[in-house]
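Given next are the chains, with one letter for each unit.
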Amino acid sequence: QVQLVESGGGLVQAGGSLRLSCTASGSIFSINVMGWYRQAPGKQRELVATITSGSSTNYVDSVKGRFTISRDNAKNTVYLQMSSLKPEDTAVYYCNADLRPRAWGLSYNYWGQGTQVTVSS
């Protein structure tokens, strides 16, 4: 059983900052890619940022220069530092991980339960 648990969401004024955390626990042999997605009301879920086990990162254009993704492999944790937040960043943010529960098994994709980020103008 694998679980992803997010924390750090909340309400912030435009221009402010928040830091999201997500920790994977359970039966984990290795984690390849970890990432953050978001879904605003009435919109499709979209990729925000990803980071590989080797720390290669990828960002959606709308957050480049404002958000930073990082990870602590020893803690199976991924972070999203969000700065210069805008009202359009308001969404539920979901953690995602592509991981192998066992050394001899396949990789599977897992999602966290989501954490709300609200940016007021």
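Predicted, not measured: the structure shown is a model, and the values here were computed from it.

Participant: Sorry, what's going on with the overall build of the protein chain here?
Facilitator: When you go through the protein chain residue by residue, the secondary structure sums to zero helices and 11 strands. Starting at the N terminus and walking to the C terminus, you meet the elements of the protein chain as β-β-β-β-β-β-β-β-β-β-β. The C-alpha atoms of the protein chain give 14 Å as radius of gyration, which agrees with the globular expectation for 121 residues (14 Å, within 12%). Along the first, second and third principal axes, the C-alpha atoms of the protein chain reach 50 × 25 × 25 Å. Of all 121 residues assigned to the protein chain, the portion counted as buried reaches 38%. Pairs at least 24 apart in sequence give 55% of the contacts found in the protein chain among residues at least 6 apart.

Participant: What should I look at first to understand the packing of aromatic side chains in this one?
Facilitator: We describe a pair of aromatic rings using the distance from one ring centre to the other and the angle between the two ring planes. In this structure the tally under the stated criterion is two aromatic pairs. The interplanar angle of 65° and the centroid separation of 5.0 Å between the aromatic rings of tyrosine 37 and tryptophan 111 together place this pair among those described as edge-to-face. One end of the pair, tyrosine 37, is in strand E4 (residues 30-39); the other, tryptophan 111, is in strand E10 (residues 108-111), and 74 residues separate them in sequence. Ring geometry for tyrosine 94 and tryptophan 111: centres 6.5 Å apart, planes at 85°, overall edge-to-face. With tyrosine 94 in strand E9 (residues 91-100) and tryptophan 111 in strand E10, the pair connects residues that are 17 residues apart, well separated along the chain. Put simply, the rings of Tyr37, Tyr94 and Trp111 touch in pairs and so form one group of aromatic residues. Its end group placed over the ring of tyrosine 94, arginine 45 keeps NZ or CZ at 3.7 Å from the ring centre. The lysine or arginine in question, arginine 45, covers the ring of tryptophan 111, its NZ or CZ lying 4.6 Å from the ring centre.

Participant: Any chance you could explain the state of the cysteines here in plain terms?
Facilitator: Each disulfide consists of one covalent bond between the sulfur atoms belonging to two cysteines. Following the criterion strictly, the structure yields one disulfide and no others. With a sulfur-sulfur separation of 2.1 Å, cysteine 22 is cross-linked through a disulfide to cysteine 95. Disulfide cysteine 22-cysteine 95: torsion about the S-S bond near -80°, hence left-handed. Residue cysteine 22 is found in strand E3 (residues 18-26), and its partner cysteine 95 is found in strand E9; the two are separated by 73 residues along the sequence. By the burial criterion, cysteine 22 is buried, and cysteine 95 matches it.

Rules used in this analysis
- Residues numbered from 1 in each chain as written.
- Predicted model: local features only at pLDDT ≥ 70, side-chain atom pairs only at ≥ 80, totals over all residues.
- Heavy atoms only, no water.
- Helix = DSSP H or I, 4+ residues; strand = E, 2+ residues; numbered from the N terminus.
- Rg over C-alpha atoms; globule rule 2.2 N^0.38 Å.
- Buried < 20%, exposed > 50% of the residue type's maximum accessible area, 1.4 Å probe, protein only.
- Contact = heavy atoms within 4.5 Å.
- Phe/Tyr/Trp six-rings, centres within 6.5 Å; stacked < 30°, edge-to-face > 60°.
- Lys NZ or Arg CZ within 6 Å of the ring centre and 35° of its normal.
- Disulfide = S-S within 2.5 Å.

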